[in-house]
Every structure is written in structure tokens, then in C-alpha cells.
Amino acid sequence: MVESRARLLIWERHGQWSRAWHGTSGAIAWHVHQVRGAVEVEPLLESARASFLAMECDAINWESRCDAALKWTRDYGQVRFAILACPDLIPMEPWFREIGAVDVAWDLRDLGRLTRLACRHLARYRPADLNPVQRCLERWGWLPEFRPDYERTEHGS
Amino acid sequence: MSRFHGWHEFSRMSRARSNIQFLSQSLAKSPQPVYLLDDRRILQYCNPAFSEWTGLDAGLIQGARCDYHSGLDGNEVMRIAAGLCPPPEVFEVGALSGWIGFRRADGSSTRRLAHFVPLSGTADDASLLLAIVAPHDMELKSDSVASPVLPATNQLHARLRELRHALGAQYRLDHLVGDSPAAQRLRAQVSAAVQTGVPVTICGPVGAGREHVARTIHVARATSHGGIIPIDCGIVDGASLDAALEALQRSLPDAGQPPAVVSLLLLDLERLNSECQLQLLRRLATVGPEVSLLATAGRSPLEMARRGEFHLALASALAVIEVELPRLVDRQDDIRLLTQLLLEQQNSRGQRQMSGFVPEALSLLAAYPWPGELDELSQVVNESVANCAGSMVGVGDLPASIRAWGQAQHRMRPVARRMVYDDAVAELQRELIAAALARSRNNRAKAAKLLGLSRARLLRLIEQLGLDAPPLEGDPVIDVEVDSPGSPRDPHGPYATADPTLSRPKIDAPAAASESRPLFWEVDDGGEHG
């Protein structure tokens, strides 16, 4: 089975961004994984080291989340992250970008921009050793339990 | 009018000086650090307790301007002065409290709460700001943002200062280690880039530390008060490029604020699509010297522009200096040093302290070709440290891939081979002809057709390349070929044998491979052979 090296991880508490992403049309909706803590993020990054991580930050947690993002970008060089911030943190935008955030979203109106960034990042790391039919299947996106087993499909055909 | 204005100003300054003299006599004996700023934020007075706290003589710091920024300036007096600046709101709303602090030359930092009181008499008087500093350091926590005495932005500003200093410490020129000529050249190029302040593009292979070098240049430039805004050109589009450039614009100082330089860092420049190249070019035309341009690329942008693969004007704007990063395999002398550096960086982050790698492990690492460059070396060091139970990393602690490579090298004969153009071309010709002959079952007419050659030319090549073989049955001999001594048809030559199987060409053509992956398309020769 060919496992994608990249996922779209949404680290948030209430799930509004995940729901919005699930609601978007296109393949990106299938790559979304909502996580609620750093302990959940780490193993997912370990298995998909080129993931795109969107982190919700507020006045209380921004510092710890930025520390975590710095650590992960150091440990997994291909990881990219974006910040989903509340308006209180507008003065911190330069800092978020300085530590490597590819974008900072202030509300759901920025979803389209973030989606395009995430799509292009995930496309860079899609499995390369697939034939055109398999690439088409891959573009649709699959939940892990329904992901096609390309090896078996190939032998079976 | 101007004479009157000059007198007015002189009178105002005289009153200010007399006010400061009066205040300084009263404040000199205060056990708490106290200082006075004028309305231009110039430090006019500080008491002995202040000098004791900052470690600076009053003569050194008095006259310095306290600007509100969180930069990384190398000048100690300016750095401390920036840390003493009150929140800008104090000049608008009156007395308030705020955090002040700075990092000392020895690396330790201090942070205290200060109460700022504007002192002004009549409207004609020059206003002064009195800062009374708490006698002890205090801890700043991000969850106390809602504190009633402090504007939230002041706490964010204070924290941003600390974070930026901590991040900046990772990017220092002395981290570009190495004794090899390539490393020395790199340091010289980086130093030149730092001193000139012009746009720089760092070119090199992926994983060679291009972004690290770019950020090092940003930190080392003495005027870099501001931050750095990186843009990943591989994924950016028009909207996100605009958002990033607007963030850059917002981080520039407003009119009246102290000058600051903010760096724009374009990562993987060669991946920027042509639409965004034009958009960026238009935006760069409007930015001033307060924006420093840095970029990283796999290939020289100017070279790409010459080939028509990149916008020439943008390449010229971004690559005034090109710093070329060497491949790790070209600086193998440095690998031992770099390995130790990466290990010590690990030490500085974690609890567990390691002393180094055993010589055998270092020799193996020095011989490895490092296709993944510095990133791969860093990963190998991290993995080795994780595998190691003691304080020295041994060969057994290295990742399995490195050990397997070492074992394979040990078993292989070292091949010392120099590239010679003619030999390489001949080898390629030999391969192609061998494959064609294998495919055509040694039918040279068919092989010639497969190769798109005339039969006569193929025969000449076979002879030249030493692939000489007698004709198989049914392979017609044509008149153009002249038999020579030693040729297949020479009855006294080396191929003169009764057993035709012994005289087949000595070609180890990969028959199985050529069947699974055809090198040639089938040629429909209509059943004819030659």
C-alpha cells in the first residue's frame, strides 16, 4: 500500500476549521485530520513527515504552540505550518511568519487562500511511483480505511 | 520670527535642563533604578541604582535614544536602550506601567516592571518622562496578558523581544564551521553579503542549509532591527504572496518611528511561477531600502534568466550577490567538525549529554557521499544519539542505512576510474550495439535496422569497438567489407574454429533485462534478413 507522506492536520479545540475544510469541494477535504493536542500531532508527523499543519492560536496558547511548531519544523524539515489566529494576536503576525508560518489566517474568509497553499504543498509530496490511473485515484483522496491498495490492484488487473 | 522661535526653543531647553538638575539631586539616592527620558525618548538622566542594574556607566547610556523595537542590534548600549523604552502609549494616555528588560553581554536577561510618569508643567515646558523601575526581576507569563496595569501589546512586545533574541542566537556566523577551502570561501562570501547589505541569493542543493545561511545573514546585518518574513515560493500564489507582502509592509516602522530594516526571504526562488514573479517585481519596485532582500535557490537565478526560465529583471534585483553553498561531498574534511557541532547542538537542547563519535564512526561518516546534504547528516546525528546508550556514539549506533553502505563499500573493489570522453562514447556505442545484436539474435542486418544504421556502418563499428563476430548462418556477407587479418572471416584469425558456438561475440548483453524493458521497438522487416 502506498501511504502518502503528507496530511493536512488541523490542531484546534472546537473543530470549526476542520468542519469548514471538510465542507470544501475537492481532494483536500479527504486529507483533513483534526487533532486536539501536541501528543496527537507528533505521531502523525512521524508517519507523514511532509504534512501541512494548521494551528489555532490565542492569547493564552500561542507561545507554546509556536515552540512546538519550531521544534517540528526543525525535526521534520518538510513540514509546513499556518496559524489560525484570533485578532488579539495581530501584533504577533511578523513573529508567526518569522518562525516559518506560511500564512496567518484571521477568520474563515481566509480558508480559500489556506486551502490553495495546503493543496500545493500536499501535491509536492504525493507518491511518485504511481501509474496515471493510480495518480487519479490518489487525487480523489481516501480515508485511511478506504484507501486503495495499489499493489493488489496492479497484480489483480 | 525665526529669531523668536530660536529664543523660545533655547528657553525651553534651559528650563528642561534646570528641571533635570533639580530632579537628579532628588533621585540620586533612590534605592530603585530611576531614569528620565525627554520627549524625543533620549535618556537624560539615570541614578546610581540604574547603573548598577544595567552595568553601564551613566556617561555611556545618557544621550542614547530609547526606540521601541525588538531587534537584534549588536551595539550593547543601543540594545539596552531599546529595552528601556516605555510603551508608546505613555506619551498619549499618561502614567502607566510596563515591562522593560534587556539581554546582557554575558547572555543573561533581566526583566522588570517599571512605572512611567509623564512630568510636564505648563504647555511651554519640555515634557519629561520619569521611569521608576522595580527593585527585582520578575517573570513574564503569556497567560497574564489580561493584567489591568499593562497594555497587552506591551507584554507581547516584551515577549517578542525575548523570542527574537533566542531565535537569533541560533543563526550566528560562527556556526558556519569548517576548515576546508569550500567552507572558507562560503564564510568569505557570507561576510561580504553581511557587510554590503545588498540583495543576496543563496544557491545550493536542497538540504545544504540554504535557509540557515540566509537567516544568518539577516541576523548578522547590524541594521536588522526588524524581523524576517519568509515566503515559500513553491506553494505561494497571488493571494498568499499579497498577504505576506502586506505583513511585510505592516512590520515596517511608521513615520516618526526609529528606522528598521525588515528582511524578505524568498525560499526556493526557482519555483516561483511566472505570474507571481511579475507581481513580486511590481511590489519590489515600491519598497525602499528598509526592506532587505534575501533568497534561496537550487540554481543561479541569473543563469535561469539567461535560459529564459526566470524573469531577468527580478533575477537581477534579487541576486546582486550570489552565495554558492558547496555540496557536503566536496567538503568531506569538514564532516567530522560538523558532526560534532550537530551533536553539541543536540546537547544544548536535551537533558542527555554526549561527548562525541568514536573515530571509526567518524571515518565512516566522512566517507559517506551524503546525497541528502547537511539535513541528512543532522538526521543521522539525531538518530545515532537516540540509539546510543553511552556517552560516545559508536559504529553500531549509526543508522542501519549508513552501516549497510559501509559494509557494501568494504566488500566492493575500489574502482578508481577517470572519465575519458572517447572511452565513454565508445562504451555507450558498445552497449547499444550489444543490445541490438542480442535483440536480433546476432542478425547484424536486423540489428542495423534496429539502430537506424546502415549495415556497413554497423559492421565498421563492430570492428572498431572490438565486438567482432563471425556472421551467423543466413547473415549475408556484403562486398563492401574488406577482410583483414584477425577479422572473423580470416581463416587463420582468432575466430577460426570449427565450433560456431565458440565464435559468438563475447557480449554480456542483459537479455532478460532487455526483454522486460525493451530498448528498441520491434522492427517489421517483412521476414527479410539483410
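Residues numbered from 1 in each chain as written. Chains lettered and ligands numbered in written order. Predicted model: local features only at pLDDT ≥ 70, side-chain atom pairs only at ≥ 80, totals over all residues.

A closer look at the overall build of chain A
Step number 1: Along the backbone of chain A there are seven helices and five strands.
Step number 2: Shown N-terminal to C-terminal, the secondary structure of chain A runs as helices and strands in the order β-α-β-α-β-α-β-α-β-α-α-α.
Step number 3: A buried classification covers 32% of the 157 residues belonging to chain A.
Step number 4: Excluding contacts between residues fewer than 6 apart, the proportion of contacts in chain A whose partners are at least 24 apart in sequence is 64%. (Helix = DSSP H or I, 4+ residues; strand = E, 2+ residues; numbered from the N terminus. Buried ≥ 20, exposed ≤ 12 C-beta atoms within 10 Å, placed from the backbone. Contact = placed C-beta atoms within 7 Å.)

Overview of helix H5 (residues 111-124) of chain A
Step number 1: Taking 1.5 Å as the rise per residue, H5 of chain A with 14 residues should run 20 Å; its terminal C-alpha atoms sit 20 Å apart, in good agreement.
Step number 2: Close packing links the buried residues of H5 of chain A with strand E1 (8-11), strand E3 (52-57), strand E4 (80-85) and strand E5 (101-105) of chain A together with helix H9 (238-251) of chain B. (Expected span 1.5 Å × (residues − 1).)

As for the packing of helix H18 (residues 444-451) of chain B against helix H19 (residues 455-464) of chain B
All names here are of chain B.
Step number 1: Put simply, H18 and H19 touch, their axes get as near as 9 Å, and they point 100° apart. The angle between H18 and H19 places the two elements in the roughly perpendicular class. Note on element contacts: H19 touches H18 through Arg 455, Leu 458 and Leu 459, opposite Arg 444, Ala 445, Ala 447, Ala 448 and Leu 451.
Step number 2: Of the residues contributing to the contact of H18 with H19, the split by class is six nonpolar, no polar and two charged. (Axes fitted to C-alpha atoms, helices over the stretch in contact; angles between N-to-C directions. Parallel < 35°, antiparallel > 145°, perpendicular 65-115°, else oblique. Nonpolar A, V, L, I, M, F, W, Y, C, P; charged D, E, K, R; others polar.)

Quick look at the packing of H9 of chain B against helix H10 (residues 274-284) of chain B
Residues and elements named next belong to chain B.
Step number 1: Between H9 and H10, whose axes approach to 10 Å, the crossing angle comes to 25°. In this view, H9 runs roughly parallel relative to H10, as classed from their interaxial angle. Judged by the sense of rotation from one axis to the other, the crossing of H9 with H10 is right-handed. Contact residues: Gly 238, Leu 241 and Leu 245 in H9; Glu 275, Cys 276, Gln 279, Leu 280 and Arg 283 in H10.
Step number 2: Among the residues making up the contact of H9 with H10, the classes are represented as four nonpolar, two polar and two charged. (Left-handed = near helix turned anticlockwise from the far one by under 90°.)

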